[in-house]
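Okay, here's what each chain looks like letter by letter:
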Amino acid sequence: MTEKALDVRDLVVRYSSRAVVDGVSFSLDPGDSFGIVGESGSGKSTVLRAIAGLATDRSGTIDVAGKRLGAKRDLAFCRLVQMVFQDPFGSLHPKQTVDRALAEPIAIHGLGDGERRIQEALDAVGLGRGFRFRYPHQLSGGQRQRVAIARALILEPKILLLDEPTSALDVSIQAEVLNLLKRLAAERGMTMLLVSHNLAVVAHMCERVAVMQSGVFVEEAPSSRFRSLKAEHPYTQTLLDASGGFRRGLAAGLVG
Amino acid sequence: MSDILLDVEDLRVRFPGLSGYTEAVRGLSFTLGRERLGIVGESGSGKSMTGRAILDLVPPPGEVTAKRMAFMGLDLLSMPHRERRALRGARMSMVMQDPKYSLNPVMTVGEQIAETWRIHNPGEAGQARERALAMLDAVRIRDPKHVYDLYPHEVSGGMGQRVMIAMVLVADPDLIIADEPTSALDVTVSMQVLAILDDLVSQRGLGLIFISHDLDLVRSFCDRVIVMYGGAVMETLNARDLDHAQHAYTKGLLNCLPRLDRVDANLPVFTRDPEWLK
């Protein structure tokens, strides 16, 4: 029996007194890809934030590579788990060059060989050398998201947390970034936890998908199950129907 | 009078810069009847600027030119800005993307709708409240009297967007330009908002220009679609024929979407051909 890469049990996260995540459990083997789909306020991003240590009022257990997480995250955790956020405009420091953004994790973790690591990270995300000394405002949205991915990869993590990594991007750029993430995850054997409101994106990227509503998983299945456009839970069915675009009959059923 | 609401020929929008002009819209022509016309494109395609040019909302120093721009027989090109402003809101209106930023945060939503009525019907100001309540009802808000007194931060995104539509409707326009009206909303809520817009076209006989980046949505919601890239029209086609699109850009956009009914190891990406902008 191999050790689980990530094991979350009975996770409850509260904002003030309201439980936004209300009892979520799942576990991932190394190399797994798992997606969480839900609408705004369902608690899907909060699950990621709890794992990353950004949501502190929580109960339940989170084990990463067999190690139980406490309230604080240490440097070893950051080497193992990295996160990519939704908005590439907000997640890069506007007054720091790409080079500085990538050099910082290397300095914090006391890793040598920064030159090589930065070069490799930029190569891995398909950004040429010419991008290294640019500021974020000199990059397009897709290029910024590549920088954010390069920054996450530079510590060679085993687990990647992705919070709506492509929803701020045009569809053609989304395709490029999703292809990139899929290739890197496969090449490096990374475990991937992806959160999105877009069922088709999650089904494309992940082997297993959980549908989240009001803080709980209402359905969890291999992504192949969703491809038949049939679901067990009525909420999942609504999401599936809506993913096909506007249909008069469907809207009539929802209006109230 | 024919059923043509809007007739646009060779619309161009450009902005002066240090190294010459940047063309945001390069020669767009179309006619709009009482139908749902989709304008679809990625960021920077000029789709929003097209909507703004029709409403005379292109910010300075932007320049708008066209061979023809006529709205129900009125020549918009020779019309002074003051008259364009009188037309705007009364007979042609816009629904913006995000109700959070487009509603006045310190005024109740009902009062904002009533204000629109009073501006456009100065003689009948007394009816403002009643009209606003009727419009809230028309956009299927269940308890209009309760919602009338709420502030924008007290309503959900979907309700805020319906309030914006009510505000546009109270002036009884002939043309509505909706710029990404559902992009900030969850899918289930966006279905409801679309159903309301759909009714407006079919029941009130409005013309709707639906600006969106979402090809699937435009395909299922609109009658006709204009595909834009880099300010230029790639092709115009019936929404139901989108599957048989001829242009490489349209095909590329359709193919690069992940689909539930298709398994792709990798999503097809495409390269942009500089010839498209010639």
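All figures in this text were calculated on a predicted structure; none of them were measured in a lab.

A.B. asks: Is there a simple way to think about the overall build of chain A in this case?
C.D. replies: Secondary structure assignment for chain A yields ten helices and ten strands. Taken over C-alpha atoms, the radius of gyration comes to 19 Å for chain A, in line with the 18 Å a tight globule of 256 residues would show. C-alpha extents for chain A along the principal axes are approximately 55 × 40 × 40 Å. Looking at the 256 residues of chain A, the share that counts as buried comes to 41%. Residue pairs at least 24 apart in sequence account for 67% of intrachain contacts in chain A once pairs closer than 6 positions are excluded.

A.B. asks: What is the right way to look at the overall build of chain B in this model?
C.D. replies: For chain B, the helix and strand inventory stands at ten helices and eleven strands. For chain B, whose C-alpha radius of gyration is 20 Å, the value lies close to the compact-globule estimate of 19 Å for 278 residues. Excluding contacts between residues fewer than 6 apart, the proportion of contacts in chain B whose partners are at least 24 apart in sequence is 67%.

A.B. asks: Whenever I open this one, the interface of chain B and chain A confuses me. Can you help?
C.D. replies: Often, the extent of an interface is quoted as the loss of accessible area upon association of its parts. Counting residues at the interface gives 30 residues for chain B, matched by 31 residues for chain A. Every element with two or more residues in the side of chain B that touches chain A is listed here: α8 (187-204), α9 (215-221) and α10 (248-255) of chain B. Among the elements that line the side of chain B that touches chain A, the one with the most residues is α8 of chain B, at seven residues. Tallied by class, the residues present in the side of chain B that touches chain A amount to 14 nonpolar, seven polar and nine charged.

A.B. asks: Would you take a moment to explain the packing of helix α4 (residues 109-120) of chain B against helix α7 (residues 157-169) of chain B for this structure?
C.D. replies: How two helices sit against one another is set out by the angle between their axes and by the gap between those axes. Residue and element names in this part refer to chain B. Where α4 contacts α7, the two axes come as close as 8 Å, and the packing angle between them is 20 degrees. Judged by the inter-axis angle, α4 sits roughly parallel to α7. By crossing handedness, the relation of α4 to α7 is classed as right-handed. Of the residues in α7, those in contact with V109, Q112, I113 and T116 of α4 are V163, A166 and M167. Residues of the contact of α4 with α7, tallied by class, amount to five nonpolar, two polar and no charged.

A.B. asks: Honestly, the environment of E220 of chain A in this entry has me stumped. Any pointers?
C.D. replies: Of note, E220 of chain A is situated in strand β10 (residues 216-222). On a C-alpha basis, the gap between E220 of chain A and L6 of chain A in space is 17 Å, while along the polypeptide they are 214 residues apart.

A.B. asks: Mind showing me how you'd approach the sheet that holds strand β4 (residues 58-64) of chain A here?
C.D. replies: Within a sheet, neighbouring strands are paired by backbone hydrogen bonds and run either parallel or antiparallel to one another. All names here are of chain A. The strand order across the open sheet formed by four strands is β2-β1-β4-β5, and the pairing between neighbours is antiparallel. Strand pairing shows two members of the sheet lacking a second neighbour, β2 (18-28) and β5 (67-68), which therefore form its edges. As paired strands, strand β1 (residues 6-15) and β2 are joined by eight bridges and run antiparallel to one another. Counterpart to R14 in the pairing with β2 is A19.

A.B. asks: Help me out: how do you make sense of the pairing of strand β5 (residues 68-71) of chain B in this one?
C.D. replies: Moving residue by residue along a regular strand, the side chains alternate between the two faces of the sheet. All names here are of chain B. Here β5 shows a buried face lined by M69 and F71 and an unburied face lined by R68 and A70. The pairing of strand β1 (residues 6-17) with β5 spans four bridges and is antiparallel. Across the sheet, residue E9 finds its bridge partner in β5, namely R68. Note: β5 against strand β6 (residues 74-75), two bridges, orientation antiparallel. Considered in β6, the bridge of F71 is made with L74. Where β5 folds back on β6, the antiparallel hairpin that results is connected by two residues, among which M72 adopts a positive phi of roughly 50 degrees.

A.B. asks: I would appreciate a short explanation of the sheet that holds strand β8 (residues 191-196) of chain A in the present structure.
C.D. replies: Residues and elements named next belong to chain A. With mixed pairing, six strands are arranged side by side in an open sheet as β6-β7-β8-β3-β9-β10. Only two strands of the sheet have a single neighbouring strand rather than two, namely β6 (81-84) and β10. Shown here is a sheet whose adjacent strand axes are inclined to one another by a mean of 15 degrees, direction ignored. Across five bridges, the pairing between strand β3 (residues 33-37) and β8 is parallel. Bridging across to β8, I36 finds its partner in V195.

A.B. asks: What is the right way to look at α10 of chain B in this model?
C.D. replies: Given 3.6 residues per helical turn, the α-helix brings residues three or four places apart onto the same face. By the burial criterion, the buried members of α10 of chain B are Y249, T250, G252 and L253 of chain B. What you see down the axis of α10 of chain B is that its buried residues fit within an arc of 160 degrees, all on one side. Residues of α10 of chain B that are buried sit in contact with α6 (171-188) of chain A together with α9, β10 (224-229) and β11 (232-238) of chain B.

A.B. asks: Sorry if this is basic, but what is going on with the environment of G38 of chain A here?
C.D. replies: All names here are of chain A. Looking at the element boundaries, G38 is found in the loop between β3 and α1 (44-52). Between the C-alpha atoms of G38 and L162, which are 124 residues apart in sequence, the distance is 14 Å. For G38, the contacting residues outside a window of four places in its chain are K44, H197, V211, M212 and Q213.

A.B. asks: Help me understand the confidence of the model for chain B, please; the structure alone is not making it clear to me.
C.D. replies: Note: predicted coordinates in regions of low pLDDT should not be interpreted at a detailed level. On average, residues of chain B carry a pLDDT of 91, and 99% of them reach 70 or more. Reported confidence for the predicted complex is 0.81 by ipTM and 0.87 by pTM.

A.B. asks: Please clarify how α6 of chain A should be interpreted in this entry.
C.D. replies: If you check α6 of chain A, its first and last C-alpha atoms are 26 Å apart, about what 18 residues at 1.5 Å a residue would give, namely 26 Å. Those residues of α6 of chain A that fall on the buried side of the exposure criterion are V171, S172, I173, Q174, A175, E176, V177, L178 and L181 of chain A. Residues of α6 of chain A that are buried sit in contact with α5 (141-153), β7 (159-163) and α7 (199-205) of chain A together with α10 of chain B.

A.B. asks: Explanation requested: the packing of α5 of chain A against α6 of chain A in the structure shown.
C.D. replies: Residue and element names in this part refer to chain A. Interaxial distance between α5 and α6 falls to 10 Å at its minimum, and their mutual angle equals 15 degrees. Put simply, α5 runs roughly parallel to α6. As α5 packs across α6, the resulting crossing turns out to be right-handed. Listed contacts from α6 to G141, G142, Q145, I149 and L153 of α5 are I173, E176, V177, L180, L181 and L184.

A.B. asks: Hey, could you run me through unusual backbone geometry in this one?
C.D. replies: Residue and element names in this part refer to chain B. Omega for the bond connecting P60 with P61 falls within 30 degrees of zero, at 5 degrees, which places this linkage in the cis form. Here P61 lies in the loop between α1 (47-55) and β4 (63-65). For R140, which is not glycine, the phi torsion reads 60 degrees and is therefore positive. Summarising the element assignment, R140 is placed in the loop between α5 (128-138) and α6 (144-148). Non-glycine residue D172 carries a positive phi angle of around 55 degrees. With respect to the helices and strands, the residue D172 is situated in the loop between α7 and β8 (175-179). Given 16 C-beta atoms within a 10 Å radius, D172 is considered partly exposed.

About the cut-offs
Residues numbered from 1 in each chain as written. Chains lettered and ligands numbered in written order. Predicted model: local features only at pLDDT ≥ 70, side-chain atom pairs only at ≥ 80, totals over all residues. Helix = DSSP H or I, 4+ residues; strand = E, 2+ residues; numbered from the N terminus. Rg over C-alpha atoms; globule rule 2.2 N^0.38 Å. Buried ≥ 20, exposed ≤ 12 C-beta atoms within 10 Å, placed from the backbone. Contact = placed C-beta atoms within 7 Å. Nonpolar A, V, L, I, M, F, W, Y, C, P; charged D, E, K, R; others polar. Axes fitted to C-alpha atoms, helices over the stretch in contact; angles between N-to-C directions. Parallel < 35°, antiparallel > 145°, perpendicular 65-115°, else oblique. Left-handed = near helix turned anticlockwise from the far one by under 90°. Pairing = 2+ DSSP bridges. Arc of directions from axis to C-beta. pLDDT = per-residue confidence, 0-100. Expected span 1.5 Å × (residues − 1).

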